[in-house]
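# Observations on the three-dimensional arrangement
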Amino acid sequence: SSDVCSSDLFASFLPGELYQEVYGRDLYTAAKGAQYLFPEAFIRSGAEEFLEHQLTAVASNAEFARVPYPGPGAIQGYLTREGKGEKTTSVSDEEGSIIHLAHLYYRMKGGAAWLGCQLNGATVLERMNRAADALLDGRLHPPTGLIKRSHTTDWGDVRMQGGLVPTMADPIGETWTASIYDQAWIYQALRELAEMNRAANQSNTADRFEQTAAQIKDATNRLRSEEHTSELQSLRHL
């Protein structure tokens, strides 16, 4: 289908009384249960809204993020009621979170037809593919083959190093890590994206994402042992 996506209302969830923004990671986490309790708009519109607001150039907060990520195709970390967003550059799971959310709706009801609906001139699937490529271009660390992020608390976004804006990667002297969480999160997102590309008859793109997912899995398994500590140390000050 080439129809414009039909969701006009952004129906979603706030993570708490003190937080008045919708966070992509939290939205996907909530959606896994919410799909059984809320109308489908709470799943569909969240995925569409984040994809529609993906970056077309560099992030508005790029002065904190010259690392050199994020770039075109990256997904905002959160959205406000006014439709504004901000990219959290300390982390590397925001693109994967929205791919997970979109895959949930695709399997729940959307199907291949939904993947072809238009969001401001690009299909849902095209926007997801751009998001995955932006993440891989900006955060895949060639020496290890792993996805890097700032050294943060657990799966959160607050840097160990703190700073004026502790959720933003420092352009100089950042301490990078390769968390097992990110590798698993992105591995699954790439496999889901490959599934959706195959459903849309995009077999070459599906193959590419499947191969990348397998490479990340192999690199993760290879680098778990202590004998590869020196390779992981190369992540620290890039």
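All of these numbers come straight from a predicted model, not from anything done at the bench. Along each chain, the written sequence defines residue order, and numbers are assigned to residues from 1. Predicted model: local features are reported for residues with pLDDT of at least 70 only, side-chain atom pairs are reported and counted for 80 or more only, and whole-chain, interface and lining totals are derived from all residues. The side-chain numbers reported here are obtained from all heavy atoms of the structure, hydrogens and water having been left aside.

Another point: the overall build of the protein chain. Note on conventions: DSSP H or I runs of at least 4 residues are helices, E runs of at least 2 residues are strands, and numbering of each starts at the N terminus. A count of helices and strands for the protein chain gives seven helices and nine strands. A buried classification covers 51% of the 238 residues belonging to the protein chain. Of the contacts made within the protein chain by residues no fewer than 6 positions apart, 69% connect residues no fewer than 24 positions apart. Only the protein chains shown count as cover for residues, with accessible areas throughout obtained via the Shrake-Rupley method and a probe of 1.4 Å. In the form shown here, the protein chain has an accessible surface area of approximately 11400 Å², with 51% of it arising from carbon and sulfur atoms. Categorising residues by exposure relies on relative accessible area from a 1.4 Å probe, with only protein chains included: less than 20% of the type maximum marks a residue as buried, more than 50% marks it as exposed, and the intermediate range marks it as partly exposed. Whether two residues are in contact is decided by their heavy atoms, any of which lying within 4.5 Å being enough.

To continue, consider helix H3 (residues 94–115). Think of an α-helix as turning once every 3.6 residues; residues three or four places apart then point the same way. One less than the number of residues in a helix, times 1.5 Å, gives the span that helix is expected to have. For H3, with 22 residues, the first-to-last C-alpha span of 19 Å runs short of the 32 Å given by 1.5 Å per residue. Think of it this way: the bend at a residue is just the angle between two axes, each fitted to seven residues, one set ending at that residue and the other starting at it. Along H3, the helix axis deviates most sharply at lysine 109, where the bend reaches about 110°. In terms of burial, H3 is a largely internal element, 16 of the 22 residues being buried.

With respect to the helices, strands and loops of the structure, threonine 144 is situated in the loop between strand S6 (140–141) and strand S7 (146–147). Engagement of the side chain of threonine 144 in a polar contact is seen with the side chain of histidine 141, the distance being 2.9 Å. N or O atoms within 3.5 Å of each other form a polar contact, as long as, within protein, one can give a hydrogen and the other can take it, and as long as residues adjacent in sequence are counted only when both atoms are side-chain atoms.

Attention now moves to the packing of aromatic side chains. For this analysis, a ring pair means two rings from Phe, Tyr or Trp (six-membered ring only for Trp) whose centres lie within 6.5 Å, classed as stacked if their planes differ by under 30 degrees, edge-to-face if by over 60, and tilted for the remaining angles. Counting across every chain of the model gives five aromatic pairs. Relative to tryptophan 114, the ring of tyrosine 105 has its centre 4.9 Å away and its plane inclined at 75°; by these criteria the two rings are edge-to-face. Tryptophan 114 shares its class with tyrosine 105; the two are buried. Joined through ring pairs, the aromatic side chains of Tyr28, Tyr181 and Trp185 make up one cluster. In this analysis the charged atom, NZ for Lys or CZ for Arg, is taken to sit over a ring once it is within 6 Å of the ring centre and within 35 degrees of the ring normal. Just above the ring of tryptophan 176 sits the side chain of lysine 148; from NZ or CZ to the centre is 4.5 Å.

Pairs of cysteine sulfur atoms within 2.5 Å are what we label disulfides. A complete count under the given rule lists one disulfide for this structure. The disulfide that involves cysteine 5 links it to cysteine 117, with 1.9 Å between the sulfurs. On the sign convention where negative means left-handed, the S-S torsion of about 75° between cysteine 5 and cysteine 117 marks this disulfide as right-handed. Separated by 112 residues along the polypeptide, cysteine 5 in the segment before strand S1 (22–23) and cysteine 117 in the loop between H3 and strand S4 (118–119) bring together distant segments of the chain.

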